[in-house]
Amino acid sequence: VELDTSAAKIQELVRALDGRKDEAIERTFKGAAKHFREVFQELVPGGRGELVMQKRHPGAAAAAADAGDDDGEDDARPVRDAHTGVLDKYSGVKVKVTFAAGGETMTLRQLSGGQKTLVALALIFAIQVG
């Protein structure tokens, strides 16, 4: 009986710590995404940059999940259940940018080397601000 009670308390503690960890990850990502938007707009007047968490697609290959525009974006608002955390819900971060007002939104794969460098610098600056 005492072992069962101890085990239940330990499981409760682990769930609480996992919840706090997940909240910290979400808060950190939201801050980095906000700073990235601000830094990118400063570096590229009229441009727009966005970081988006990508949902994990159960049973789908990573290449299939990345293909196309339907990438399972969720803007860092995961749906939780009792058995999985935020890290289990997401597979990565997608970068979307436009370099001119009303311009085409592009992902990293579509950018030239110079554009990728600019995005990388914006991300580094955004992380340093936070």
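Structure: above.
Residues numbered from 1 in each chain as written. Predicted model: local features only at pLDDT ≥ 70, side-chain atom pairs only at ≥ 80, totals over all residues. Heavy atoms only, no water.

All right, on to the pattern of salt bridges then. All told, the structure shown has four salt bridges when counted by the stated rule. We note a salt bridge from Asp 18 to Lys 21, for which the minimum N-O separation is 3.8 Å. Highlighted residues: Asp 18 and Lys 21, both in helix α1 (residues 2-43), separated by three residues, approximately one helical turn. Owing to a relative accessible area of 36%, Asp 18 belongs among the partly exposed residues under this scheme. (Salt bridge = Lys/Arg side-chain N within 4 Å of Asp/Glu carboxyl O. Helix = DSSP H or I, 4+ residues; strand = E, 2+ residues; numbered from the N terminus. Buried < 20%, exposed > 50% of the residue type's maximum accessible area, 1.4 Å probe, protein only.)

Moving on, we come to the sheet that holds strand β1 (residues 48-55). With respect to topology, three strands assemble into an open sheet ordered β1-β2-β3, the strand pairing being antiparallel. Unpaired on one side and paired on the other, β1 and β3 (106-107) mark the two borders of the sheet. Note: strand β2 (residues 90-98) against β3, two bridges, orientation antiparallel. Paired with Val 97 across the bridge in β3 is Met 106. α1 rests against β1 and β2 of the sheet, and its axis sits at about 155° to β1. (Pairing = 2+ DSSP bridges. Contact = heavy atoms within 4.5 Å. Axes fitted to C-alpha atoms, helices over the stretch in contact; angles between N-to-C directions.)

Let us now look at the pairing of β1. Of all eight residues in β1, six are buried, a share of seventy percent or more. Of the strand pairs in this sheet, β1 and β2 are connected by eight bridges, and their pairing is antiparallel. Across the sheet, the residue bridging to Arg 48 is Thr 98, located in β2.

In this model, helix α4 (residues 113-129) (17 residues) spans 24 Å end to end at C-alpha, consistent with the 24 Å of a helix rising 1.5 Å per residue. The secondary structure elements touched by the buried residues of α4 are α1 and β2. (Expected span 1.5 Å × (residues − 1).)

Given two aromatic rings, one states the distance between the centres and the angle between the planes to describe the pair. Tallying each qualifying case throughout the model produces two aromatic pairs. Measuring from centroid to centroid gives 5.5 Å for Phe 40 and Phe 99, while their planes differ by 65°, and the two rings are edge-to-face. Here Phe 40, found in helix α1, pairs with Phe 99, found in the loop between β2 and β3; they are 59 residues apart in sequence, far enough to count as distant. Phe 40 sits in the buried class, given a relative accessible area of 0%. (Phe/Tyr/Trp six-rings, centres within 6.5 Å; stacked < 30°, edge-to-face > 60°.)

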